[in-house]
Each structure stands twice: as C-alpha cells, then as structure tokens.
Amino acid sequence: MAAIDSNMHTQTQIGAWINTPKPGVTLQIRNDLPIPKPGPGEILIKLLVTGFCHSDVHSIYGETPMDTNIAGHEGIGSVVGVGPDVSPNVIGKRVGLKWLYSACGNCEVCQVRSVYCPQQKNSGRVSHAKHYSDLAW
Ligand SMILES: [Zn+2]
Ligand SMILES: [Zn+2]
C-alpha cells in the first residue's frame, strides 16, 4: 500500500518548466505542476535544493531529452511518499538525489567506470525515484 506524508497538503509543485526544448528557450516558473505518485519500488522526494547541471542545459536545448520538462534533477530533499512495496519508515528521511541512479555493474564499461555504463538509469530520465520541488523564488 502506498503512503504519503500527512503533512503534505498540496497536489501541485513549483518548477522551472521547459515548454519547448531548443537553444535560447526561456524557462517558465510554474506552480501548477502535478506531483507524481510513487509506484511500486519508488519513493517520492520533496526537493529542498536542486542543482542545475550540464545535463539540464542539454535537456533545455533538446539535445538529450529527459522524462520530465522540469529542470533540476539532482539535489537534497526529504522522502514524503513511498510506493506500495516500500517501508513507510523512510518517510521524513533526508536523502540525496544524484544523476546516476544505477549501473549494471557487470559490463566491460562498468569494470572501468560505471558512470559510462550503457545500461545506466538516470534521475530525471529513466529512474525509479520521483521527486518534486517546492522552491521559494
Ligand atoms: Zn545532472
Ligand atoms: Zn554496466
């Protein structure tokens, strides 16, 4: 059974929205973006701080699209929800969210440097973690 922090009273988040990825695009600060629900094996993280890295620049330019149109996929936050098969004991824990979510650990590339694993999963791209931001601007 999924669980959500009872202190979470909103259904929307604030985010820097990438409407149409292309060079020179202007990000829109929106406060009406739906908060995703954690599925099986997932946690929902409320970001307190997010970085803005070179992957975000590539995403904004449309060069390496992400799974989300919200910029900022790394940072620090708190767990505010868990999927059906995740212990609710992690709700309220401080966590970090990084680019490399997972690598296979078995391929030739991983033997040298797993950050280049061709089977890797990334936060904001193909990951099991979900996050939302509620930043003060
Ligand atoms: Zn990044
Ligand atoms: Zn690998």
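Below or above, wherever it landed, is the structure these notes cover. (Residues numbered from 1 in each chain as written. Chains lettered and ligands numbered in written order. Predicted model: local features only at pLDDT ≥ 70, side-chain atom pairs only at ≥ 80, totals over all residues.)

## Section: the overall build of the chain
Point 1. Counting secondary structure elements, the chain contains two helices and nine strands.
Point 2. Taken from N to C terminus, the helices and strands of the chain fall in the order β-β-β-β-α-β-β-β-α-β-β.
Point 3. Within the chain, the fraction of its 137 residues that count as buried is 28%.
Point 4. Across the chain, the fraction of contacts at a sequence separation of at least 24, relative to all contacts at a separation of at least 6, is 60%. (Helix = DSSP H or I, 4+ residues; strand = E, 2+ residues; numbered from the N terminus. Buried ≥ 20, exposed ≤ 12 C-beta atoms within 10 Å, placed from the backbone. Contact = placed C-beta atoms within 7 Å.)

## Quick word on the nonpolar core
Point 1. Listed in full, the 10 residues of the largest apolar core are Ile 43, Leu 44, Ile 45, Leu 47, Val 79, Val 80, Val 82, Val 86, Ile 91 and Leu 97.
Point 2. The set of elements that each furnish at least two residues to this core consists of strand S4 (43-50) and strand S5 (75-82).
Point 3. Per-element accounting of this core gives the leading share, four residues, to S4.
Point 4. When residues no more than four places from it in sequence are discounted, the contact partners of Val 82 are Ala 2, Ala 3, Pro 38, Ile 43, Ser 87, Pro 88, Val 90 and Ile 91.
Point 5. In this structure, Ala 16, Ile 18, Ile 60 and Ala 71 belong to the second largest nonpolar core, which totals five residues. (Core = buried A, V, L, I, M, F, W, Y, C linked by C-beta atoms within 7 Å.)

## Quick notes on helix H1 (residues 54-61)
Point 1. All of the buried residues in H1 are Ser 55, Asp 56, Ser 59 and Ile 60. Down the axis of H1, the smallest arc covering the buried residues is 140°, so these residues share one side. (Arc of directions from axis to C-beta.)

## A few points about the environment of Gly 62
Point 1. Inspection of the secondary structure puts Gly 62 in the loop between H1 and S5.
Point 2. Note on Gly 62: 13 C-beta atoms within 10 Å, which makes it partly exposed.
Point 3. In this structure the C-alpha to C-alpha distance between Gly 62 and Val 25, which are 37 residues apart in sequence, comes to 10.0 Å.

## Quick look at the pairing of S4
Point 1. For S4, a buried count of six out of eight residues is recorded, marking the element as mostly surrounded by other parts of the structure.
Point 2. Summarising the sheet, S4 and S5 pair through seven bridges and their orientation is antiparallel. Across the sheet, Lys 46 pairs through a bridge with Ser 78, a residue of S5. (Pairing = 2+ DSSP bridges.)

## Considerations on the environment of Val 90
Point 1. Looking at the element boundaries, Val 90 is found in the loop between S5 and strand S6 (94-97).
Point 2. With 14 C-beta atoms counted inside 10 Å, the residue Val 90 sits in the partly exposed group.
Point 3. Through-space distance from the C-alpha of Val 90 to that of Val 80 is 8.5 Å; in sequence the pair is 10 residues apart.
Point 4. Once you skip the residues sitting within four places of it in the chain, Val 90 turns out to touch Ile 43, Val 79 and Val 82.

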